[in-house]
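Report on the structure
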Amino acid sequence: PKPPAAATPPLSGDDTMNRSSLIVLAVALIAAVSLTLMPARPSAAADRDEEVISNDDVRQAMAVLTKNQKALRKQMRDPAKNADSANKLSAMLDAAVLSKQYVPSWFETQDQKKSYRIMMNKFIITLVEAENAALQDEQEKLLKQYEIINAIKEEAHKTFLPFG
């Protein structure tokens, strides 16, 4: 009678190395395929180079800014209306934060995008300071911050809008 055949031949040093290499190669291929099939998550820096919000969202935000700025102009000198002024400034702040996420499509350079973000940061800081002044009944500071808000708006429109 014949002895039963071995299920697998004994491994030599070369065979062990080849099987180990194949296993490493298989794991690497599986990892590579998995990475290519996973949905890409854009980085925060990439988000800033894209339009994060729609044109309609920006138009609505700008409408909130314009409407509340006009209303503030009429009531800012009246300390009795400071609570309402603070609410209007808070609405403007929300709209400004939303607008900051928008990168206008006509910006061609990173410098333009950087300047826009810096200007929006200044605008947001000024809105916060104005809201705090209204909440603390500091009329002089409120009026001063309102002047700065107007100056930033005018400068931003000259600098960043394609039609100036």
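Structure shown above.
I will try to describe carefully the structure that is included in this document. A quick note: this is a predicted structure, and the numbers were derived from the prediction, not measured.

If you roll a probe as big as a water molecule over the atoms, it shows you where there is empty space left. As a volume, the largest pocket reaches approximately 550 Å³. Lining the largest pocket are 22 residues; nearest its centre among them are Val58, Met62, Tyr116, His157 and Leu161. Of all the secondary-structure elements, those providing two or more residues to the lining of the largest pocket are helix H3 (55-75), helix H4 (82-100), helix H5 (110-135) and helix H6 (139-160). Classifying every residue of the lining of the largest pocket gives 15 nonpolar, five polar and two charged.

Quick look at H3 now. Across its 21 residues, H3 extends 30 Å between first and last C-alpha, which sits within 8% of the 30 Å expected from 1.5 Å per residue. Along H3, the positions that sit buried rather than exposed are Val58, Ala61, Leu65, Asn68, Gln69, Leu72 and Gln75. Down the axis of H3, the smallest arc covering the buried residues is 130°, so these residues share one side. The exposed set on the far side of H3, more than 90 degrees from its buried face, consists of Asp56, Arg59, Gln60, Lys67, Arg73 and Lys74. Looking at the buried positions of H3, the neighbouring elements they touch are H4, H5 and H6.

Attention now goes to the nonpolar core. The biggest cluster of nonpolar side chains holds 28 residues, and the ones touching the most others in it are Leu89, Met92, Met119, Phe123, Leu127, Leu142 and Ile149. Every element with two or more residues in this core is listed here: H3, H4, H5 and H6. Examining the composition of this core, we find that nine residues originate from one element, H5, more than from any other. If near-sequence neighbours (up to four positions away) are discounted, Met119 is found in contact with Ile152, Ala156 and Phe160.

Cut-offs applied
Residues numbered from 1 in each chain as written. Predicted model: local features only at pLDDT ≥ 70, side-chain atom pairs only at ≥ 80, totals over all residues. Heavy atoms only, no water. 1 Å grid on protein atoms, 1.4 Å probe; cavity = no way out; pocket = protein on both sides within 12 Å on 5 of 7 lines; lining within 4 Å. Points joined across faces, edges and corners; volume = space filled by probe spheres on them. Helix = DSSP H or I, 4+ residues; strand = E, 2+ residues; numbered from the N terminus. Nonpolar A, V, L, I, M, F, W, Y, C, P; charged D, E, K, R; others polar. Expected span 1.5 Å × (residues − 1). Buried < 20%, exposed > 50% of the residue type's maximum accessible area, 1.4 Å probe, protein only. Arc of directions from axis to C-beta. Contact = heavy atoms within 4.5 Å. Core = buried A, V, L, I, M, F, W, Y, C linked by side-chain atoms within 4.5 Å.

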